[in-house]
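# Topology and contacts: notes
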Amino acid sequence: MPISTDRALWAWLALALLAWVGLPWYALSEGSGLAQVHQVFAAPETGSGLAQALLFGRAWLWGVPAALLVAGIGLLLPPGRRQGAWLMAGGLLGLIGVLGSGFLVGARGWAFESLNAFLGELASRQGGMGLGGSVTLAALLVLAAFGAARRGAFRGDLFTSATVWVCGSLLLLFVAFPVLKALSAAVLTEDGGWAPALLWERIASERNFGLACLSGGTRCGVAWNTLFMGLLTATSTTVLGTFMALMAERGGHRRAAPAFNVVALLPIITPPFVVGLGLILLFGRAGVVNQFLEYAFGITPTRWFYGWFGVWVAQTFAFTPVAFLIMRGVVQGIAPSLEEAAQTLRADRWQTFRTVTLPLIKPGLANAFLVGFIESMADFGNPIVVGAQFSVLSTEIFFAIVGAQYDQGRAASLAWVLTGFALAVFAAQRWLLHKQQFTTVSGKGEAGVPPPLPTGVSRVVHGVALPWMAFTLAVYALAFFGGFVHTWGRDYSLSFKHFITAFALDWGPFGLVWAGTAWSSFFTTIKLAAIAAPLTAGLGLLIAWLMARTEFRGRGLFEFSALLAFAIPGTVLGVSYILAFNVPPFELTGTAMIIVLCFMFRNLPVGVRAGTAAFKQLDRSLDEASLMLRAGSLRTLRHVLLPLLKPALVAALIYSFVRAITTVSAVIFLVSAENELATTYIIGRVGNGDYGVALAYCTVLILLMSLAIALIQWLVGQRRLGRRAVALPADRTAAAVPSTSA
């Protein structure tokens, strides 16, 4: 056994023991656990696991050293199945002990009244798990995973086993557990009784699945509305995103590519209600378009834009950049040698595009469609702004939770419908791509030149993508202009008062004073987004790697769990986190950590889908060659695969960062006075009718996130595949011919 492996096993055992002995076991009301290390034996609030068990009456924590002793005995044995059995036993016993006591003992003693009646009142209480408990729990989990690998699981690879166990546990704890806790309300009566028949009764109602619109009525059920809108939006976003990716990568616009990127990504760097506001200023009853039609043709302004059409346009506008991010990496990954081979066999450019290029981007199309569909179903901001009487499941859930009715059972039943739709599309995608190969990046040298698009395809792509990008600029020009006028709708004179209100700087007796009302939310938002983005991207690519390179039981359920947070509306996810993490053992409500976790797992699916599409293009021979040279899975992933995944990494980082800054519904219930976010500040201003300050803040966010996108792309860099640059338009004919030089 390599010495490094030996050290890794002992290091995790030592980490668990040190956390139990030297770190505060429970969460602190103020400060971090590291700041209170010197007081771990001073008081129950700051005590370590050892102090809690020895001095403060929490005898159930003695199970941790017992479990570590079992694991330590295993480490003294030679590597093999017997050592794995001891490691698994120690890790699992510790996990069961810590989690079992955490769920059974709460801040008021026994968590269940039946235990109080059977065992009597408990003298000791306990709060939520803190730094010591969390580190110990993580180390025990890794030790159990190492034990599974020693027993032969995952071909004995410690890193792969630990990755599966850790990622699976995170998905279980921060996705499945809170969502199921919220969804369980669908089978509960008002007094908390168990009534499974209520689920079908609540789902199969006329308001959900009615078809009155087919028989002359004015409305269909909200479930059919949601399904129709999801399919329509997914189709339009996938087509537009693909066209924009083809134009950026194969359109012969190398010098204009940075400008294309900025314009294409604009819709995801602002809060969704800004998109709706900009569209209303264009197409609303008093919008620019209606005013022009009345002036030029005498057409009376109406509310024609509101309803399903307005929702579709707004969602297409908002979610096309996600499809573009996914598709651009896929188009980049196509090996030009495959297309050149087809042309060498006398296929023209259209035949090559139809029979080679299009089939190779299938995984990207499927992933972009799936993400667009789920985004549309879970969208709340656009339907609430421009939907009018067109109801969808997300708005119905919102009003069921926060409206006068406060019907958690109905909200949970509607969330079940959303989950079912997402599962159906997920299964369809897996069936379409089942056992198909899309490998385009191998270990061989690749010096091909990507051929230009066929003339007809190029005209269609440019004819659709360029007007759409112009439309994007028009909407944002209005939103940008709104922050610089005195009073929107009445006084359009130039003014900077809104920026001064939000971001004023003063010089006081003690130095610079951040006097603007928006600074606190601004700094908090940037800090939490900067923490969440790399964690989201890293976890997403790790899960994608497991999906693409590892076979294990429950793999399909594992992948669906990673997408579940997207299928659930943000409002439901936020409420789920409150219900799940408001009591021990994971007491996070009111902290910045719960917002970071919500950001992570809400945005995780984009990193997973982008990574999955990218991994499908990488030949497994790259992994095998690295492993044959005695590199482990971690080294192979870091030095061989990760450099080839830069487009997927950029997509995950950009999306997770900007969505963390612009998300509304998922965090609206999680913010506190200490952790106000930019979106909640803007919502407050919009609610007060102060649109100027809201739009000024949005302008600052747009500029900030544009700089952040450029910084991310610069730091990550470009993927190098050993290919020649795309020729300029004048050289297209020559570029299409395969090179004969070395």
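Residues numbered from 1 in each chain as written. Predicted model: local features only at pLDDT ≥ 70, side-chain atom pairs only at ≥ 80, totals over all residues. Heavy atoms only, no water.

## A closer look at the packing of aromatic side chains
The condition is simple: The aromatic pairing rule takes the rings of Phe, Tyr and Trp, using the six-membered ring of Trp, and pairs them if the centres are within 6.5 Å, calling planes under 30 degrees apart stacked, those over 60 edge-to-face and the rest tilted. Each residue is assigned to one of three classes by its accessible area relative to the maximum for its type, calculated with a 1.4 Å probe on protein chains only: buried under 20%, partly exposed between the two thresholds, exposed over 50%.
In this structure the tally under the stated criterion is 34 aromatic pairs. Centroid distance Phe305 to Tyr306: 6.4 Å. Interplanar angle 75 degrees. Geometry classified as edge-to-face. Take Phe305 and Tyr306: they sit in the same class, and that class is buried. Within the aromatic cluster, the residues linked to one another by ring pairs are Phe228, Phe283, Trp304, Phe305, Tyr306, Trp308, Phe309, Trp312, Phe317, Trp468 and Phe471.

## So, helix α25 (residues 570–580)
Residues lying three or four places apart along an α-helix face the same way, a consequence of the helix completing one turn every 3.6 residues. Rules: Elements are defined by DSSP. Helices are runs of H or I of four residues or more, strands are runs of E of two residues or more, and each kind is numbered from the N terminus.
Buried residues dominate α25, accounting for 9 of its 11 residues. Listed in full, the buried residues belonging to α25 are Gly570, Thr571, Val572, Leu573, Gly574, Val575, Ser576, Tyr577 and Ala580.

## Overview of empty space enclosed by the protein
Definition in use: Grid points spaced at 1 Å over the protein atoms alone were grouped into cavities, where a 1.4 Å probe fits but cannot get out, and pockets, open sets with protein on both sides within 12 Å along at least five of seven lines, with lining residues defined by an atom within 4 Å of a point. Grid points are joined across faces, edges and corners, and a volume is the space filled by probe spheres set on the points. Note on residue categories: nonpolar means Ala, Val, Leu, Ile, Met, Phe, Trp, Tyr, Cys or Pro, charged means Asp, Glu, Lys or Arg, and polar means any other residue, Gly included.
Here the structure, examined in full by the defined rule, presents 8 cavities of 30 Å³ or more. There is about 90 Å³ of room inside the largest cavity. If you trace the largest cavity, you find it lined by Ala182, Leu183, Ala185, Ile397, Ile401, Gln408, Ala411, Ala412, Ala415, Val572, Val575 and Leu579. For the lining of the largest cavity, the secondary-structure elements that each account for two or more residues are α7 (158–183), α19 (393–402), α20 (408–432) and α25. Looking at the lining of the largest cavity residue by residue, the classes come out as 11 nonpolar, 1 polar and no charged.

## Section: the pattern of salt bridges
Selection criterion: The working definition used for a salt bridge is a side-chain nitrogen of Lys or Arg within 4 Å of a carboxyl oxygen of Asp or Glu.
By the definition in use, this model includes 3 salt bridges. In this structure, the salt-bridge partner of Arg328 is Glu249, at a minimum N-O distance of 2.5 Å. With Arg328 in helix α14 (residues 308–333) and Glu249 in helix α10 (residues 222–250), the pair connects residues that are 79 residues apart, well separated along the chain. For Glu249, a relative accessible area of 18% puts it in the buried group. For Glu396, the salt bridge goes to Arg410, with nearest N and O atoms at 2.7 Å.

## Digging into the packing of α14 against helix α29 (residues 646–662)
The condition that has to hold: Axis geometry follows a simple rule: fit a line to the C-alpha atoms, using only the stretch in contact for helices, then measure angles between N-to-C directions, giving values from 0 to 180 degrees. To sort the angles, those under 35 degrees are grouped as roughly parallel, those over 145 as roughly antiparallel, those from 65 to 115 as roughly perpendicular, and the leftovers as oblique. In this scheme the crossing of two helices becomes right-handed for a clockwise turn of the near helix relative to the far one and left-handed for an anticlockwise turn of less than a right angle. It only takes one pair of heavy atoms within 4.5 Å for two residues to be counted as in contact.
Relative orientation of the contacting elements α14 and α29 amounts to 170 degrees, with a least axis distance of 9 Å. With respect to each other, α14 and α29 are oriented roughly antiparallel. Where α14 crosses over α29, the two elements pack in a sense that is right-handed. For the pair α14 and α29, the contacting residues are Val322, Leu325, Gly329 and Gln332 in the first and Pro647, Ala651 and Tyr655 in the second. Residue composition of the contact of α14 with α29, by class: 5 nonpolar, 2 polar and no charged.

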